[in-house]
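Now for the letters of each chain:
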Amino acid sequence: MSSVTLAALQEADPAAYRAAARAWDDLAARLDAAYEQYVTGQQRVGQGGRGAAIRAAIGRVIDTGHELSNACLPARQVARALHGYADEVTTLQRRLETALASASAYGISVDLNTGSVTAPPSPSMDPTAWRNVVDEIHAELAQLLSQARRLDATTSKLLRAQRPTPDAGFGRDAATPVTRDVVEAQLGQPPAAVFAWWQMLSPEQQEWALQQYPDLLGPLNGIPAADRDTANRINLDRQLREIRQQADTIQYLINNPWADPVYQDPTRQGPDRQMRRHELSEALQALRASEAGLLAVQDKLATTDDAYLLLIDGTGDGRAVIAVGNPDHAAHTAVFVPGVGTDLRDINGDLNRALLLRQSADVVIGRGDDISVVYWLDYNPPNSPLLGGQESPARDGGAALLPFVDGLRATHTTGDQHVTVVGHSYGTTVVAEAAKTGQLRVDDFIAVGSPGLRTDHVSELSLPPGHVWVGLASDDPIRLAPDFVHGPDPANPAYGANRFLTDTSGHSGYWEPDSQSLLNQAHIIVGQYDNVVLVH
Amino acid sequence: MSTDALSASSVVIAVDPTTLRQAATDIEAAAPYVTDGGQLAGPVHPGWECTQQLAATAQAWVDYLGRLRTKLGDLASDLRNLADHFVVADHDAGAGWPDSGGYVP
């Protein structure tokens, strides 16, 4: 039974326990990293030979690996218990302060060691009303004491349970493998819930799940960036393999029509066969295009340092989300949403814009590790400017952008990163669709070369006032977009957004190195708002 | 092992000492990630049992993390020794054969 008193509650120091909780979080992260490093060695021992000695060595290496992995989760549990303890103590202390202030105002004295209250008769109040006031204060103090003692007992129990045994820590048993059903149950869950689930798996379970179900975990918002990258690189290889197999099969049928079941069908004659040949050629062309898109992503990943593949889908025009710099650790994250006509084959140029944004932001803040720029193509943009009036791609894209940003928030190590979303051209319309819901959790929105944000005034975007920024070059042909398509020009002062100075030319020059157009975006991304050169 | 047991054994033995040594290096490299457990404990607050429990839990972890680091180091060392043993055994076994004038595979 806890012996906490109100005096002890008053004197408790939740900040010290938050600091301890962070130390446990850090320990869990380091054990996770240790396991990741260890597994490399473990696999190598398996390749080191055959025989009784090697078998014995493998057995010991596997046991130690289990032990290392099993230590991670208890460290996380301690961290969680301490965060909860610190939060709860803070709340109880505030309530105690309020109750004591109230007691003092009425001239009631409180013994913080016993919880008893001493109330002199009130000279001005009716005795019954006075009794009620005293009882109310007494009841609140009693409840606070009870809650503090319960918190003490619960936290004590949690902490005792996470104590390692001297010999084997938390055991050398293999963790229960995660089943596909368990992973599937996470699909559609809020990213914060997905992240909480993922954190409750041991490193060994996580590693297993990433290798077994990369198709489910790669695109799942709420999974940390480094783990999504692991899953998606597997997905990229698999998709390339599958596409090539399909293409080879079709190519074989084109080269050897007699092997095609359609040709073998005696009821199908000349025109049917010609049609079949045409269908096969088109299918082959589509597969080759998909393959080219995936290869472009693969090449770009191979030549880009610190890149994280957060999504890959080679079907159709293709989708990909690539971060440069780990967004889970960055203080500032920018999400770049491209516009009309983008497909995976353009990844080189598109990702270069993101890289230029990052380089420029690095320069203005002077700390390279603090910035992550994410190239986000998880929607199907209209294929040409002529189709740029379509609404549904923007709506679909906006709906996909919301959980992605929530995922960035959920997986960030400190939870206090500054997030900017940068839309280009039709990409600005996508961002606007997300913002209109009031659920886009970004700090800043930069719209460059926008055809319109499907709103009449910036206030309809439900973003922090003063944090919507528009850039429009004087000769950008997007100026010719009529208002009835996607709404009025957001660069117009009447729209109410900040318009920053641009010194570049055309619709796609906003990332020209050393330009004011790029520098202004960089200042916004790192929150140096006073350095942004504005037109209005 | 007795001579009978040796002749009855049909275990296939194949060892790559270089891979074993690389594995040892990898495992050794995991050890520095296992911290010494500094700052895991908070201050002990009079009356709060959980603050005492945290101190005890943190101490148990500090002791355990030290052992875990040692365990990883020992494992790496044993793997290197194993690689060395095989190299020596192979060398010794080879030395027991008379010079055949050069083996050409």
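Residues numbered from 1 in each chain as written. Chains lettered and ligands numbered in written order. Predicted model: local features only at pLDDT ≥ 70, side-chain atom pairs only at ≥ 80, totals over all residues.

What follows concerns the overall build of chain B. For chain B, the helix and strand inventory stands at three helices and one strand. Each helix and strand of chain B, ordered N terminal to C terminal, gives the series α-β-α-α. Every one of the 105 residues in chain B was classed for burial, and the buried ones make up 31%. Within chain B, contacts between residues separated by at least 24 positions form 70% of all contacts whose residues are at least 6 apart in sequence. (Helix = DSSP H or I, 4+ residues; strand = E, 2+ residues; numbered from the N terminus. Buried ≥ 20, exposed ≤ 12 C-beta atoms within 10 Å, placed from the backbone. Contact = placed C-beta atoms within 7 Å.)

Counting its regular elements, chain A contains 17 helices and eleven strands. Taken against the 2.2 N^0.38 rule, which gives 24 Å for 536 residues, the C-alpha radius of gyration of chain A at 30 Å runs more than 25% over that of a compact globule. Structurally, chain A occupies a C-alpha span of about 105 × 80 × 50 Å along its principal axes. Taking all 536 residues of chain A together, 47% fall into the buried category. Counting only contacts in chain A whose residues sit at least 6 apart along the sequence, the fraction spanning at least 24 positions is 74%. (Rg over C-alpha atoms; globule rule 2.2 N^0.38 Å.)

Listed by partner, the interface residues are 40 residues for chain B and 48 residues for chain A. For the side of chain B that touches chain A, the secondary-structure elements that each account for two or more residues are strand S1 (14–15), helix H2 (17–30) and helix H3 (49–95) of chain B. Looking at the side of chain B that touches chain A element by element, the count peaks at 13 residues for H3(B). Its residues assigned to classes, the side of chain B that touches chain A shows 26 nonpolar, ten polar and four charged. Relative to S1(B), strand S1 (residues 49–50) of chain A runs antiparallel, the two being bridged by two bridges. Considered in S1(B), the bridge of A:Gly49 is made with B:Val15. (Nonpolar A, V, L, I, M, F, W, Y, C, P; charged D, E, K, R; others polar. Pairing = 2+ DSSP bridges.)

Residue and element names in this part refer to chain A. Pairing is mixed in the open sheet, where eight strands are placed in the order S4-S5-S7-S6-S8-S9-S10-S11. With one partner strand each, in any of the chains shown, strand S4 (307–313) and strand S11 (498–499) form the two edges of the open sheet. Sheet topology note: the strand S6 (residues 332–337)/strand S7 (residues 371–377) ladder contains five bridges and is parallel. Residue pairing for S7: Ala334 is matched across the bridge by Val373. Contacting S6, strand S8 (418–424) and strand S9 (444–448), helix H15 (residues 426–436) crosses the sheet at an angle of about 135 degrees to S8. (Axes fitted to C-alpha atoms, helices over the stretch in contact; angles between N-to-C directions.)

Note that soluble globular proteins tend to have their nonpolar side chains buried in a common cluster. A:Ile322, A:Val335, A:Phe336, A:Leu357 and A:Phe445 are the most contacted members of the largest nonpolar core, which has 83 residues in total. With residues up to four places along the chain from it excluded, the contact list for A:Phe445 reads A:Val421, A:Val431, A:Ala435, A:Leu463, A:His467, A:Val468 and A:Trp469. The next biggest cluster of nonpolar side chains, apart from the first, holds 69 residues, and it includes A:Ala12, A:Tyr35, B:Ile27 and B:Leu65. (Core = buried A, V, L, I, M, F, W, Y, C linked by C-beta atoms within 7 Å.)

We now examine helix H5 (residues 127–161) of chain A. Here H5(A) is 35 residues long and its end C-alpha atoms lie 51 Å apart, about the 51 Å a rise of 1.5 Å per residue gives. Buried within H5(A) we find A:Leu141, A:Leu144, A:Leu145, A:Ala148, A:Arg149, A:Leu151, A:Asp152, A:Thr155, A:Ser156 and A:Leu159. Contacts made by the buried residues of H5(A) are with helix H1 (6–11), helix H4 (72–105), strand S2 (109–110) and strand S3 (117–118) of chain A together with H3 of chain B. (Expected span 1.5 Å × (residues − 1).)

With that settled, the discussion passes to the pairing of S6(A). Residue and element names in this part refer to chain A. In terms of burial, S6 is largely enclosed, as six of its six residues are buried. Residues His332, Ala334 and Phe336 line one face of S6 and the alternating positions Thr333, Val335 and Val337 line the opposite face, and both faces are buried. In this structure, S6 lies alongside S8, joined through six bridges in parallel fashion. Within S8, the position partnered with Val337 by the bridge is Gly423.

On to the domain arrangement of chain A, then. All names here are of chain A. Under the domain assignment used here, chain A contains domain 1 (6–161), domain 2 (180–286) and domain 3 (317–531). For the side of domain 1 that touches domain 2, the secondary-structure elements that each account for two or more residues are helix H2 (14–46), helix H3 (52–70) and H4. Considering every element that reaches the side of domain 1 that touches domain 2, the biggest residue donor is H2, with four residues. (Domains from an automatic or database assignment.)

A separate point is the packing of H2(A) against H3(A). All names here are of chain A. Where H2 contacts H3, the axes come no closer than 10 Å and their chain directions differ by 165 degrees. Our classification of the angle between H2 and H3 gives roughly antiparallel. Read as a crossing pair, H2 and H3 show a hand that is left-handed. Along the contact surface, H2 presents Leu31, Ala34, Tyr35, Tyr38, Val39, Gln42, Val45 and Gly46, while H3 presents Ala57, Ile58, Val61, Ile62, Gly65, Leu68 and Ser69. When grouped by side-chain class, the residues that make up the contact of H2 with H3 number eleven nonpolar, four polar and no charged. (Parallel < 35°, antiparallel > 145°, perpendicular 65-115°, else oblique. Left-handed = near helix turned anticlockwise from the far one by under 90°.)

Residue and element names in this part refer to chain A. The buried fraction of helix H17 (residues 516–525) amounts to nine of the ten residues, a majority that puts the element mostly inside the structure. Buried residues of H17: Ser517, Leu518, Leu519, Asn520, Gln521, Ala522, His523, Ile524 and Ile525, and no others. Phi turns positive, to about 75 degrees, at Gly527, one or two residues after H17.

Quick look at the packing of H2(B) against H3(B) now. Residue and element names in this part refer to chain B. Closest axis-to-axis distance for the H2/H3 pair is 8 Å, and the angle between their directions is 170 degrees. Between H2 and H3, the angle is such that the two are roughly antiparallel. Each of Pro17, Leu20, Arg21, Ala23, Ala24, Ile27, Glu28 and Ala30 in H2 lies in contact with H3, whose residues at this interface are Leu72, Gly73, Leu75, Ala76, Leu79, Arg80, Leu82, Ala83, Phe86 and Val87. Class assignment of the residues belonging to the contact of H2 with H3 gives a composition of 14 nonpolar, one polar and three charged.

It is worth spelling out the pairing of strand S5 (residues 319–324) of chain A at this point. Residues and elements named next belong to chain A. For S5, the tally of buried residues reaches six of six residues, placing the bulk of the element in the interior. Of the two faces of S5, both are covered, the one formed by Arg319, Val321 and Ala323 as well as the one formed by Ala320, Ile322 and Val324. Across six bridges, the pairing between S4 and S5 is antiparallel. What sits directly across from Asp313, in S5, is Arg319. Where S4 folds back on S5, the antiparallel hairpin that results is connected by five residues, among which Gly316 adopts a positive phi of roughly 60 degrees. Examined bridge by bridge, S5 and S7 share five bridges and lie antiparallel to one another. Its bridge partner being in S7, Ala320 is matched across the sheet by Leu377.

Backbone geometry at A:Asp306 places phi at a positive 60 degrees, although glycine is not the residue there. If you trace the backbone, A:Asp306 turns up in the loop between helix H12 (270–303) and S4. By the C-beta count within 10 Å, which is 12 here, A:Asp306 ends up exposed. Look at B:Gln39: it is not a glycine, yet its phi comes out positive at around 70 degrees. Residue placement: B:Gln39 occurs in the loop between H2 and H3.

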